[in-house]
Amino acid sequence: NAGVMQNPRHLVRRRGQEARLRCSPMKGHSHVYWYRQLPEEGLKFMVYLQKENIIDESGMPKERFSAEFPKEGPSILRIQQVVRGDSAAYFCASSPPGANTEAFFGQGTRLTVV
Amino acid sequence: GIQVEQSPPDLILQEGANSTLRCNFSDSVNNLQWFHQNPWGQLINLFYIPSGTKQNGRLSATTVATERYSLLYISSSQTTDSGVYFCAVTAYTGANSKLTFGKGITLSVRP
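Residues numbered from 1 in each chain as written. Chains lettered and ligands numbered in written order. Predicted model: local features only at pLDDT ≥ 70, side-chain atom pairs only at ≥ 80, totals over all residues. Heavy atoms only, no water.

S.K.: Explain the overall build of chain B here, please?
M.R.: When its secondary structure is counted, chain B shows 0 helices and 11 strands. Reading chain B from its N terminus to its C terminus gives the helix and strand order β-β-β-β-β-β-β-β-β-β-β. Relative to a compact globule of 111 residues, whose C-alpha radius of gyration would be 13 Å, chain B shows 13 Å and is just as compact. Its C-alpha atoms give chain B principal-axis dimensions of roughly 45 × 25 × 20 Å. Counting all 111 residues of chain B, 49% fall into the buried class. In chain B, the share of contacts with a sequence separation of at least 24, taken over all contacts with a separation of at least 6, comes to 57%. Of the roughly 5300 Å² of accessible surface on chain B, 48% is carried by carbon and sulfur atoms. Both charge centroids of chain B, one from 7 positive and one from 6 negative side chains, sit 4 Å from each other. (Helix = DSSP H or I, 4+ residues; strand = E, 2+ residues; numbered from the N terminus. Rg over C-alpha atoms; globule rule 2.2 N^0.38 Å. Buried < 20%, exposed > 50% of the residue type's maximum accessible area, 1.4 Å probe, protein only. Contact = heavy atoms within 4.5 Å. Areas by Shrake-Rupley, 256 points an atom, 1.4 Å probe, with all protein chains shown as cover. Lys, Arg positive; Asp, Glu negative; His and termini not counted. Charge placed at Lys NZ, Arg CZ, Asp CG, Glu CD.)

S.K.: Whenever I open this one, the side chain of Q6 of chain A confuses me. Can you help?
M.R.: Residue and element names in this part refer to chain A. Tracing the backbone shows Q6 in strand β1 (residues 5-7). Only 2.9 Å separates the side chain of Q6 from the backbone nitrogen of C92, close enough to count as a polar contact. Among the polar contacts listed, one links the side chain of Q6 to the backbone nitrogen of G108, at a separation of 3.0 Å. (Polar contact = N/O pair within 3.5 Å; in protein donor to acceptor, adjacent residues only side chain to side chain.)

S.K.: Just checking my understanding: could you explain the environment of G41 of chain B for this structure?
M.R.: Position of G41 of chain B relative to the elements: it lies in the loop between β4 (29-37) and β5 (43-48). Note: C-alpha distance between G41 of chain B and L71 of chain B (30 residues apart in sequence) is 23 Å.

S.K.: Is there a simple way to explain the pairing of strand β2 (residues 10-14) of chain B in this structure?
M.R.: It is a general feature of regular strands that their side chains alternate between the two faces of the sheet. All names here are of chain B. Only one face of β2 is buried: it carries L11 and L13, and the other face, with D10, I12 and Q14, is open. With 5 bridges joining them, β2 and strand β11 (residues 105-110) adopt parallel strand pairing. Each bridged residue has a counterpart across the sheet, and for L11 the counterpart in β11 is L107. (Pairing = 2+ DSSP bridges.)

Next up, the structure:
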């Protein structure tokens, strides 16, 4: 059973470009979460999705950030018009159906905005 | 929202030593997990432990939910134990399973 797969592992974007981060959950997992980790800090919750639904986006910046988890294919975290402050590690986690089940994390995407 | 505090913030050990890492949380929780972030940035699941005690090799963990804390024990530490240890919880009153992380404990094990 493959783990949570994220790609790309590293992404470099110039200011003003778009960044697309992908996450494929573990097989059988229906819950997907995105977290952001700034240098020397813990992870901060961004958004929680189930198939075709955004359940909680309370941690997402109001502008430029969006997320989806379509019926087919991976979850996508999209950042438009990136700025230097968006540079961070972005982690995806998935968990099985049900409440408060164990979450497993992907290896993260390290976004650098130059 | 729920607050998670970890202590100590930094820990330096000689190889072979034992250590205890602490996680305090400010409210009742449905879920508590311990993670190890290795030097390559990967998050490794250590324990899923909303209550009780678990052991896995040289590591063990105890969560006392009524007193709102969890402890991670590392025995006979090895250099490969180095990295950052995170405690993360899901608030009991939360509408979903999102995790709130502490700031982490940076462990350095010296040979």
